[in-house]
Amino acid sequence: MYNMVVFDLDGTLLNSKGTISNNAIKTLEKLSNRGYIITVATGRSMIGIPNCVKSIPYIDYYITSNGASCIDKSGVHIFKNWIDFSSIKSIIKKDYLVEYLIDGKWYIDSQDEGSLKKIIKDTKIANYILNTRIRIDNIEQKFEHQNVYFEKINLNFPIESYEKSFVEIYNEINQNKKLRVWTDRKHKLDIYSKLATKGNAVKQLSEYLKINQKQIIAFGDDDNDLEMLTFVGCPVAMKNGNDNIKKIAKGITNFTNDEDGVTIFLQNLIENGVLKK
């Protein structure tokens, strides 16, 4: 019998508009009332999770930043797979705009503010960064002096230098046993601890809760869900998911994230007695 259900957000529990359906919320309520532990596992940081999700009282845990953090519904960190400053020191010395995520808050160096819109040509993204990042003077010196730990860092650079920058950073990180890289292939690279994967985070949470991995169902759609779906007992790929995800899944939803695919799949499991009625 299954005890925990884990959901990716974008492309999975959320529709293309970034919202969640009322039917999905009602299904989460049903699962919660039947004793299931409900967990969100997302590439977003906690600050980036939409209020329509954070306001749902039935979610017990949030795995954020692709496994860098696990936070319970009361806001307490269960564990942190974070990066120490010494691990990223050589990377941030290069000519990139760096964003630092610490305890759910984003920071940039004050001197980078003027060049941000030159690096990020998408005005909407640039303005979002400017409106949500905390500015600090001489940020590298202060962080090094305080030996700060980071949930993750983002490296931003112009799209025309993306490929060159990606190869340069990727090669350097391959030589660093503490870090890994994730990219949206648009304008930035995300740098994480090697331990920060959704799969490892679900493993850590299952050990914390003393739940066998075979008792976990997980839904995902993209490559950052691969480790998670490989780990759990019942991996489910979205109809709109990529081929890598579908190859390892034991089930595939009949409908996309815009068609309430997760909800319909779960309702079928309940009706067929796979989940408690």
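This is a predicted model, so every value here is computed, not measured.

Chemist: Describe the sheet that holds strand S7 (residues 97-102), listing the residues and the values that go with them.
Modeler: Pairing between the strands of a sheet comes from backbone hydrogen bonds, and it takes one of two forms, parallel or antiparallel. Sheet architecture is open: 6 strands sit in the order S9-S8-S7-S11-S13-S12, paired in mixed fashion. Single-partner strands in this sheet number two, and they are strand S9 (134-136) and strand S12 (179-183). Averaged over all neighbouring strand pairs, the angle between strand axes comes to 30°, with direction disregarded. Two elements, S7 and strand S8 (residues 105-109), share 3 bridges in a ladder whose sense is antiparallel. Within S8, the position partnered with Ile102 by the bridge is Lys105. With respect to the sheet, helix H6 (residues 139-146) is in contact with S7, S8 and S9, its orientation differing from that of S8 by roughly 125°.

Chemist: Explain the pattern of salt bridges to me, using residue names and the numbers behind them.
Modeler: Enumeration according to the criterion identifies 11 salt bridges in this entry. A salt bridge links Lys80 to Asp103; the nearest nitrogen and oxygen atoms lie 3.8 Å apart. Of this pair, Lys80 sits in strand S5 (residues 77-80) while Asp103 sits in the loop between S7 and S8; the two residues are 23 residues apart in sequence, bridging distant segments of the chain. Residue Lys80 is classed as partly exposed on the basis of its relative accessible area, which comes to 44%. Note on Asp103: relative accessible area 48%, which makes it partly exposed.

Chemist: Could you give me a rundown of helix H11 (residues 261-271), with the residues and numbers involved?
Modeler: Of the positions making up H11, those classed as buried are Gly261, Val262, Thr263, Phe265, Leu266, Leu269 and Ile270. Downstream of H11 by one or two residues, Gly273 has phi in the positive range, about 80°.

Chemist: Could you give an account of unusual backbone geometry, naming the residues involved and the relevant values?
Modeler: The backbone of Asp103 sits at a positive phi, close to 50°, despite the residue not being glycine. Residue Lys210 is not a glycine yet carries a positive backbone phi of 60°. Among the secondary structure elements, Lys210 is positioned in the loop between helix H8 (198-209) and strand S14 (216-220). Taking relative accessible area as the criterion, Lys210 reaches 75% and is therefore assigned exposed.

Chemist: Could you give an account of the packing of aromatic side chains, with specific residues and numbers?
Modeler: Under the counting rule described, the total for this entry stands at 9 aromatic pairs. Seen in terms of ring centroids, Tyr107 and Phe143 are 6.3 Å apart; in terms of plane orientation they differ by 90°. Their pairing is edge-to-face. Here Tyr107, found in strand S8, pairs with Phe143, found in helix H6; they are 36 residues apart in sequence, far enough to count as distant. A ring pair is formed by Phe166 and Tyr170, whose centres lie 5.4 Å apart and whose planes are at 20°; its orientation type is stacked. Taken together, the residues Phe166 and Tyr170, both in helix H7 (residues 162-174) and 4 residues apart, mark about one turn of the helix. Exposure remark for Phe166: the relative accessible area of 14% places this residue in the buried category. Note on Tyr170: relative accessible area 36%, which makes it partly exposed. Taken together, the aromatic side chains of Phe85, Tyr100, Tyr107, Phe143 and Phe150 make up a single cluster linked through ring pairs. Over the ring of Trp82 we find Lys80; its NZ or CZ atom is 4.6 Å from the centre of that ring.

Quick notes on the rules
- Residues numbered from 1 in each chain as written.
- Predicted model: local features only at pLDDT ≥ 70, side-chain atom pairs only at ≥ 80, totals over all residues.
- Heavy atoms only, no water.
- Pairing = 2+ DSSP bridges.
- Helix = DSSP H or I, 4+ residues; strand = E, 2+ residues; numbered from the N terminus.
- Axes fitted to C-alpha atoms, helices over the stretch in contact; angles between N-to-C directions.
- Contact = heavy atoms within 4.5 Å.
- Salt bridge = Lys/Arg side-chain N within 4 Å of Asp/Glu carboxyl O.
- Buried < 20%, exposed > 50% of the residue type's maximum accessible area, 1.4 Å probe, protein only.
- Phe/Tyr/Trp six-rings, centres within 6.5 Å; stacked < 30°, edge-to-face > 60°.
- Lys NZ or Arg CZ within 6 Å of the ring centre and 35° of its normal.

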